[in-house]
Structures are given as C-alpha cells and as structure tokens.
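# Residue-level structure breakdown
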Amino acid sequence: MTSKTDTTCKIFSFQDYKSSPDPIFEIAAECLQPSPVPIIIDNGSFQTRAGWACKGGEIGAPRLLFKSVAARSRGAARSETQIGNDISNLEPVRWLLKSQFDRNVVVNFEIQELMFDYIFSHLGVVTEGSVEHPIVLTEAPCNPLHSRQMMSELLFECYRVPHVSYGVDCLYSLYYNNALSNLTPLHTGIVLSSGYHCSHILPVINGRLDAGNCKRVNVGGSQAASYLQRLLQLKYPGHLAAVTLSRMEELLHEHSYTATDYHQELEKWRSVEFYEQEVHRMQLPFSAKGLGGVVSVEERQERRTQQLRRLQEINARRREEKLQQDQERLDKLLTVQELLEDGYLEQFHKNLVQLNMDSAEELQSYINKLSLVVEQGRQRLLQVIIGAKISLCQASEMEQPMDEGDGVTEMDPDFSEENTEIEKPVQPVFNMAEYHQLFVGTERLRVSEILFQPSLIGEDQMGMMETLQYVLARYTPEQQEALARNVFLTGGNLQYPGMKERIERELLAMRPFQSHFQVMMASRPAVDAWYGARDWALENSPGGAGWISRQDYEEKGGEYLSEHCASNVFIPMKIAKPVPRPAETLLVPITTMTAASPDSVSASPSTVLAPTQT
C-alpha cells in the first residue's frame, strides 16, 4: 500500500488488485517416486490452497492459491466456467459468482467438482480416468455426515483416488504451531478460529477434539466486509458505486484494527487532533478534466466565447456546403438549358426526363428560384464571416489587461490608492480530489468489533468471548485452568492488529482472580492450516491411521472417518432396526371346487376365507 503522509492527514489509494491466471505446473520427479506424493488441499470458504506434501523449497509451499468462487453465465457450457484466479476482476461478475459452501459446509458438489478439476489440472495431474495421489482435505468442524459422504463419493467414484484423509483446518494449524514451539501434540487447550463465514470455539482435551462442546458463531469476514460497505455507503451516498466489496475486503485486511477497550477507543476519536492523526483518507480514482480547480468569471467567459466561435464555424461550414450543392445544381440546370438554345432537342428532352420535368418553362422557373437561393446564401455566408471577425476583435479587446487604478481615476479624479484599499471577492475553492476521498475513521475499529458484539449487525447471538466463557463453564475448574493456559488463535479473520491484546484483556476480566492463562497467535493464521496438513501427511504415510482407503469406503460407507489428532470425531450414523410386527390374523382367500353332479356340465368355484397365522 502506497501512502502519502504529511503533518495533517494520511492519504492512501486503493490497489484494486487484479488476479492473473494460474500457470499449469509440471509434476516434479520427487512427487512420483518412490510412490505418489499426497496432494494437500485446504478447502477454505474464502480461499483454496493446494500443493504437494514435500519438504522445503517452492514445492513445499502451496502451489495454488485462489478464491473459492466460480462464474458461469446462464446457458454456458461447463468448459466455459471461470474458476478463482481466472476471474481478474470480481465486481463485474459478482452476480454470477457461485461457491460450493453454505457458510462453512460444502453443499454444492457440482462447483466442488469444478474446483477439483481446476486443482488437478493446474498441478499437472494428467493420468487418464483417475488420480493416483492420496488426498488430504480439510473440512468444517463437526462436519455433517451427509457432506462427508458426498465428498468421499466424489473423490472415490469420480476421481478414483487411492486414499483420503479428512481434518479440521484450525486443528492442523494448531498441530503445525505446536511443532514449531516444540510442544507435544497431546495437550489440552482451546482454539479460537474465525474464517470468512463463521467463527468457532473448539476445546481440545488431551490432544483430541471435544466435539460435544464445540460452538459456532455465525460472524466472520464476509459479515465484516458487508457491514463496512453499509457504513461507508450511508456516509458517502454520492460514491455508492465506488464502495465495492472487493475494496471493503482490502480495507479490512490493511486498514482495520481491534480496540483493546472499544468504548475508551471511541472516546479518543472525539478529539479533533486524534481524528486528524488516525483517520485514513482513501483516494478514489477521478478525472479532473473540465471539473477540477477554481473556475473564475474570466475563464467562464472565455469558454463561452470559444463555444460561440466553434458554433459559428460549424454554421458557416454548413452554409458553405449547402451553397456549394445549390451552385452545382444550378450549373447542371443551366447546362441543360444551353442544349435547348443550341438546338439539341433530343438530348434536351432526355435530360428533362432525367430531371423529372415536363417542359422548358418548368426548367426556367426552377432555374430562377435556385438562382435566388444561391444569391441569398452568398449574402448570408458573407454576413456570418463579417460577424465572426467583429466578435473576434471584440473578444481580443476584452482580453487586454486594464490598469484598475487608471480606470478608477478616469471615472473619479479625486480617487487615491493611498486612502482606499481595493478588496477583491474571495471565491470558495472546490477541491475535486478531496471530494473523491473516503474518510475511514471509527469504521476501522467498528468492523472487527462485531466478533465480540454481533448485535452491531443485528445478529441475535453471543459474541466470541461470551461463547468462550459458556464453553469453559461446561468443564470442571481443573479442566478450565488447563484449557485457559493454551488459548490458540488462528484463521484469516483474526489477523487484525490488537486482536491478541483484546482477547487477553477479555480473559483477564473473565477468569478468576490470580488464575493463569496464555494466548498464542498462529505464526501465519491464513496458511498455517495447509502447512499443518502437509506435515501431518509427511509423518503419516497413506494406509495408516487417519487414512481412508477405497476398501474402507466400500465397506463402511462414505460417511466413515478415520480419526487422528487433527480430525473430527467420528460418530457413526445409527440406523434403527425395524421393529418386527406382532403376529396378527390375515384373511387369505381359499378357492375350492364343488363336486360335479351328473346333471351339471361345469361347477362354479366358491370362495372360502380361512384364517392363517403369520
């Protein structure tokens, strides 16, 4: 972000980032030998990250990072769908954007299949009919069984992958940061995670997720961006089109912060000095042509003179063209009349027919009228030229500077400049650049406050810290102490400056007197989940604990989950067996034949209802 800082204000400009299409990579040799390397996919609701489970270098980092959106016009073919970075600017096609997520749960598997196609093709997977690499995929905390079942069906049936492992993104981030801090994986703590659509409070007991006490708050980065957009559109109704969601996300990521004490911080903004020092002026693009600067009376008069001169030139040109056309028409008619005078009657009558005339008298009448029109046109053109020269001379005389003192002296001989001071009227200065600036003041801290006070945006639910207190209250005091000693923050929506200090202050007010707690922020809250999944795949080879094979999928169903340290808890779907119906009496029709008598040729059957036991 480029900025211009002076003594009074800070002026920033929107970057309006444009994404460029992702290249199609070739698979490195170490990704195929001695066995196919797992593909790590962090399937985020805001951004998808994909790469290989390799250590170090470029290949050990996410190869693809793109927004989890797809755009396809109605009626367009599947191949015409644009994915992620193929869409350079989201705003013109925002009404076409679709995501595979409903909040943080995958529900649209048609879009999810397009995402997988995009990932595999750009990573260089070109095998026919199948993907030979194991897949490590992130999912939502407490993911519904139906969503996992559909995801397993897509991976095993459509792509025929050999192994799949599911894990929770924020637990992978915890796993990665514990390894950086040399902490044992089996520990107790609580994870606060905030993403694009919602936030989670996840207690971890002895290294495993306590799914029964997990809570979700339906506030995230998308709600913050929409809230900031509403605030600025109400503040600047003249710039509604310029206040786009993409620019609001840029303001969130680069200009917002979290107040340690919200109300005390708002009081600071009442000070004019504090406001001038902390307000961020966002410069919108604008054109100063014909609008910028101060327009004086002389400049307006000059513009009017120029416009009048241009109109006169246009009219003179049109009159000249019309006069030329009439003159050519008159010359043609005179040529035809000369044929009659010279005695060429046959050619004369042929030209009369072409002119749609009947007699020589009609030709003579038309020549007289056209001659009059040509003469009048010449006189008018001459008058226009003379008038234009006169107005040009007058304008040049008006532009000559005149000494104000001499003019006043001529009107009043007793006037003296020593005794009288001439006051010139001060005209208001209109600054076009300042008119196209967004003053982002208290909005910088108000947008992040919705995590703690969802009521600011009309959400009738607890904030993140109230939910944390509710979750802690479900444990014994000893467990609460262990959980509070390891509070871990992760997720892209917790990267606001001051977030860690705010949570520490809230915990200090929440916890008992002289109790201990510790808050740790992820090293890279947005991408640590991918690195944690990569490290887990390097330490756990496919086929071991935490991996689902194709045989497991076929035998145990698509909702099956092989648990590990960063996964959800698998709760199998309980299908109630049908209760056997009690024995009851059924009426079964029995058909009997009566004996044939000598007098009868055929016997009619009779039906008897006999009771039977089931």
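Residues numbered from 1 in each chain as written. Predicted model: local features only at pLDDT ≥ 70, side-chain atom pairs only at ≥ 80, totals over all residues. Heavy atoms only, no water.

## A word on the overall build of the protein
- The helix and strand inventory of the protein stands at 18 helices and 23 strands.
- Put simply, 70% of the contacts in the protein that link residues at least 6 apart link residues at least 24 apart.
- Put simply, the protein shows about 35500 Å² of open surface, and 53% of that area lies on carbon and sulfur atoms. (Helix = DSSP H or I, 4+ residues; strand = E, 2+ residues; numbered from the N terminus. Contact = heavy atoms within 4.5 Å. Areas by Shrake-Rupley, 256 points an atom, 1.4 Å probe, with all protein chains shown as cover.)

## Thoughts on the sheet that holds strand 6 (residues 70–71)
- If you trace the three strands from one edge of the open sheet to the other, you get 7-6-8, paired in antiparallel fashion. The strands lining the two open edges of the sheet, one partner per strand, are strand 7 (82–83) and strand 8 (97–98).
- Inspection of the sheet shows strand 6 paired to strand 8 by two bridges, in the antiparallel sense. By the bridge assignment for strand 8, Ala71 is matched with Leu97. (Pairing = 2+ DSSP bridges.)

## Some details on the packing of helix 14 (residues 464–472) against helix 16 (residues 499–510)
- Two elements in contact, helix 14 and helix 16, have axes whose closest approach is 11 Å; the angle formed by their N-to-C orientations is 45 degrees. Classified by the interaxial angle, the pair formed by helix 14 and helix 16 is oblique. Along this stretch, helix 14 crosses helix 16, giving a crossing that reads as right-handed. Here helix 14 contributes Met464, Met465, Leu468, Gln469 and Leu472 to the contact with helix 16, which in turn contributes Ile503, Glu506, Leu507 and Met510.
- Partitioned by chemical class, the residues of the contact of helix 14 with helix 16 number seven nonpolar, one polar and one charged. (Axes fitted to C-alpha atoms, helices over the stretch in contact; angles between N-to-C directions. Parallel < 35°, antiparallel > 145°, perpendicular 65-115°, else oblique. Left-handed = near helix turned anticlockwise from the far one by under 90°. Nonpolar A, V, L, I, M, F, W, Y, C, P; charged D, E, K, R; others polar.)

## Here we look at helix 8 (residues 297–342)
- Along its 46 residues, helix 8 runs 67 Å from first to last C-alpha, staying within 8% of the 68 Å computed at 1.5 Å per residue.
- Buried within helix 8 we find Ala316, Leu323, Asp326, Leu330, Leu333, Val336, Gln337 and Leu339. (Expected span 1.5 Å × (residues − 1). Buried < 20%, exposed > 50% of the residue type's maximum accessible area, 1.4 Å probe, protein only.)

## A few points about the nonpolar core
- Counting 64 residues, the largest nonpolar core has Ile41, Trp52, Phe116, Phe120 and Leu155 as the members making the most contacts within it.
- Ranked by residue count, the leading element in this core is helix 1 (residues 109–123), at nine residues.
- Ignoring any residue separated from it by four or fewer positions in sequence, one finds Leu155 in contact with Phe116, Leu137, Arg160, Val161, Val164 and Tyr166.
- Phe274, Ile450, Ile457 and Met499 belong to the second-largest nonpolar core, a separate cluster that totals 53 residues. (Core = buried A, V, L, I, M, F, W, Y, C linked by side-chain atoms within 4.5 Å.)

## Observations regarding a nonpolar patch on the surface
- Among the surface-exposed residues, Leu382, Ile386 and Ile390 lie close enough to one another that they form a single nonpolar patch of about 280 Å² accessible area.
- One can find Ile390 in helix 10 (residues 360–399). (Patch = residues over 30% accessible without salt bridge, like charges linked within 9 Å, V, L, I, M, F, W, Y side chains within 5 Å. Salt bridge = Lys/Arg side-chain N within 4 Å of Asp/Glu carboxyl O.)

## Some points on the sheet that holds strand 11 (residues 135–139)
- Read from one edge to the other, the open sheet built from six strands follows the order 5-4-3-11-12-21, with strand pairing classed as mixed. Each of the sheet's edge strands pairs with one partner strand only, and the pair in question is strand 5 (64–67) and strand 21 (548–549).
- Direction of pairing for strand 11 relative to strand 12 (residues 163–168): parallel, over a ladder of five bridges. When the bridges of strand 12 are listed, Ile135 appears paired with Val164.

## A few points about the confidence of the model for the protein
- Chain-level statistics for the protein give a pLDDT mean of 85 and a share of 84% at 70 or above.
- Of the regions scoring below 50 in pLDDT, residues 1–7 engages in 16 contacts with residues more than four places distant in sequence or in other chains.
- Across residues 401–412 the pLDDT falls below 50, and counting only partners more than four positions away or on other chains, this stretch makes four contacts in the model. (pLDDT = per-residue confidence, 0-100.)

## Notes on the pairing of strand 12
- Burial runs high along strand 12: six of the six residues are buried.
- Running through helix 2 (residues 145–158), the crossover from strand 11 to the neighbouring parallel element strand 12 is right-handed.
- Of the pairings in the sheet, the one linking strand 12 to strand 21 comprises two bridges and is antiparallel in character. Bridge pairing links His163 to Ser549 in strand 21. (Right-handed = clockwise from strand over helix to strand, strands pointing away.)

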